[in-house]
Structures are given as structure tokens and as C-alpha cells.
Amino acid sequence: MRGLRASAVVLSLTITTFLAASPSAPAAAGAPPEPEVTSLVTISVPDTATLEKVVATGADLTERVRPQPDGSIQVDAVLSEGRLAALAPLGVEKAGAPAAQKTPKTPKAAAADQIVIERAVWFRTRDGYFLSVEATSSAGPTATLSAAWRGRGGASGTVPMVPYTDAGAYLGHQLSTPRRSPTGPRGSP
């Protein structure tokens, strides 16, 4: 009987605890703000000193740094619109955005398509020599690029490159797969 009374007391305390406890209300005033949406954008900075200042702010930059004919530098960054606006006093702007006062130092070079070879690698496997190339064009993904090579013994070839985009951002052109060459580069064994 004593055990039955003890069980009844524990059961009544448990029921009272669950019934008396009110659900916690969410804090309305102290809730943290929703984080801003970030995206991969190409930014343009006026010079190397400004790029170093942007790095010092802790901005999330990629390794793709591209000097431009007018002396500015383009770099890919993961930024929110608010963060981009906060960097504007440093002279940072979204690449491709119209700038009212910006005039290139060399108008002819700015009008021409600028191609930067990001990476070009010959490599050898048991199946032979292969070529892998990555490049970017100031004309963006609409540019038509191809890679041409000349190997030992006069062997040569040309292959089209395809544009590579990620999350809607142009990252460059590349060979869709490394291309086999019957002979290696000049001077290879």
C-alpha cells in the first residue's frame, strides 16, 4: 500500500508539472536578424592597395584575381548586397556595373576581348600525354575559345573550350575533358 501511495504522489507531481508549465514564447524583440543572402559576384577594385584593404576587412575572396587593362583588378567574392555596399567607400564595385565617372586609361584595350590563361598543363599517364587548359575571357561565356598546341615532331591539334558557370556566375572556359596528344610537348622525353 505504501508503494501505491508513493506512485500516486509521483504521478500527480508529474501531471502537475506538465499541466502547469506554459510553453515558452519566442523572444520578439531580442531575436537575431535573418542573415543576408550571399552570392558569388565578381568585384572590381581600383588597385592592389585597395585589394589588400578588402582582404583586411575579412571579405571572402576566391583565388581568381585578374588584373585589367585599365589598372583595376577583378576578383570573385562571396558577398551579400549589404557587405558589397559597405565596401563601396573603398572604391569596390560589382564588375560589369555601369560606372558614371570611370574611364579606362587605354580605350582600345578596354574594347578588345581580354583573354587570360589561368592554367595550362601537359601531363603524362600510362596512356600517353594529355593537355588541360583553363582560361577566362572578358567577353564572358559568349566568347568562343579554343586551345591549340604543337608537340614534338610537328604534332599539333586544336580543340574547342566550353564555358564554365556555377550558380549563374561565369568562371571561365575549360576543356570538357583533358585531350590526348600522340606526342608530348616540345622538349619532353
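Notes on the structure in this doc start here. If you're wondering where the values come from, they're calculated on a predicted model, not measured in any experiment.

Considering the sheet that holds strand E3 (residues 73-80)
And then number 1: Strand order in the open sheet formed by four strands is E2-E3-E1-E4, and the pairing between neighbours is antiparallel. Two strands in the sheet have a free side with no partner beyond their single neighbour: strand E2 (60-67) and strand E4 (93-94).
And then number 2: Relative to E4, strand E1 (residues 38-45) runs antiparallel, the two being bridged by two bridges. Looking across to E4, one finds that Ile43 is bridged to Lys94.
And then number 3: Of the strands in this sheet, E1, E2 and E3 touch helix H2 (residues 48-56), which is tilted by about 170° from E2.

Regarding the pattern of salt bridges
And then number 1: All told, the structure shown has five salt bridges when counted by the stated rule.
And then number 2: A salt bridge links Glu134 to Arg119, with the nearest nitrogen and oxygen atoms 3.5 Å apart. Placement of the pair is Glu134 in strand E6 (residues 128-137) and Arg119 in strand E5 (residues 115-125), with a sequence separation of 15 residues.
And then number 3: Relative accessible area serves as the criterion here: at 34%, Arg119 is assigned to the partly exposed category.
And then number 4: Here the residues in one salt-bridge network are Arg64, Arg66, Asp76 and Glu118, joined through shared partners.

What to know about the nonpolar core
One recurring pattern in soluble globular proteins is that nonpolar side chains are buried together.
And then number 1: Counting 13 residues, the largest nonpolar core has Ile43, Val45, Val54, Leu79 and Val92 as its most contacted members.
And then number 2: Mapped onto this core, the elements with two or more residues apiece are E1, H2, E3 and helix H3 (81-87).
And then number 3: For this core, the leading source of residues is E3, giving four residues.
And then number 4: Residues within four places of Val45 in sequence aside, it is in contact with Thr50, Leu51, Val54, Ser72, Ile73, Gly91 and Val92.
And then number 5: Of all hydrophobic cores here, the second largest spans nine residues; its members include Val133, Leu145, Ala147 and Trp149.

Looking at the packing of aromatic side chains
And then number 1: One pass over the structure, following the stated rule, counts one aromatic pair.
And then number 2: On the basis of an interplanar angle of 15° and a centroid distance of 5.6 Å, the ring pair of Phe123 and Phe130 is categorised as stacked.
And then number 3: Judged by its relative accessible area of 29%, Phe123 falls in the partly exposed class.
And then number 4: Look at Phe130 and you get buried, because its relative accessible area is 15%.

Reading the values: rules and limits
Within every chain, residues take consecutive numbers counted from 1 along the sequence as written. Local features in this predicted model are restricted to residues whose pLDDT is 70 or higher, and side-chain atom pairs enter the listing and the counts only when it is 80 or higher, whereas totals over whole chains, interfaces and linings include all residues. Side-chain numbers come from the whole structure's heavy atoms, not from hydrogens or water. Two strands are said to pair when DSSP picks up at least two bridges between them. Secondary structure elements follow DSSP: runs of H or I of four or more residues count as helices, runs of E of two or more count as strands, with numbering from the N terminus. Contacts were defined at the residue level, with two residues in contact if any of their heavy atoms lie within 4.5 Å. Inter-axis angles, ranging from 0 to 180 degrees, are taken between N-to-C directions of lines fitted to C-alpha atoms, where helices are fitted over the stretch in contact. By definition, a salt bridge exists where a carboxyl oxygen of Asp or Glu is found within 4 Å of a side-chain nitrogen of Lys or Arg. Each residue's exposure class comes from its accessible area (1.4 Å probe, protein chains only) as a fraction of the maximum for that residue type: buried when under 20%, exposed when over 50%, partly exposed otherwise. For the purposes of this section, nonpolar cores are sets of buried Ala, Val, Leu, Ile, Met, Phe, Trp, Tyr and Cys residues that join through side-chain atoms within 4.5 Å. Here the aromatic set is Phe, Tyr and Trp, taking the six-membered ring for Trp, and pairing holds for ring centres within 6.5 Å; pairs whose planes are under 30 degrees apart are stacked, those over 60 apart are edge-to-face, and all others are tilted.

By themselves, these are just geometric observations and shouldn't be taken as functional.
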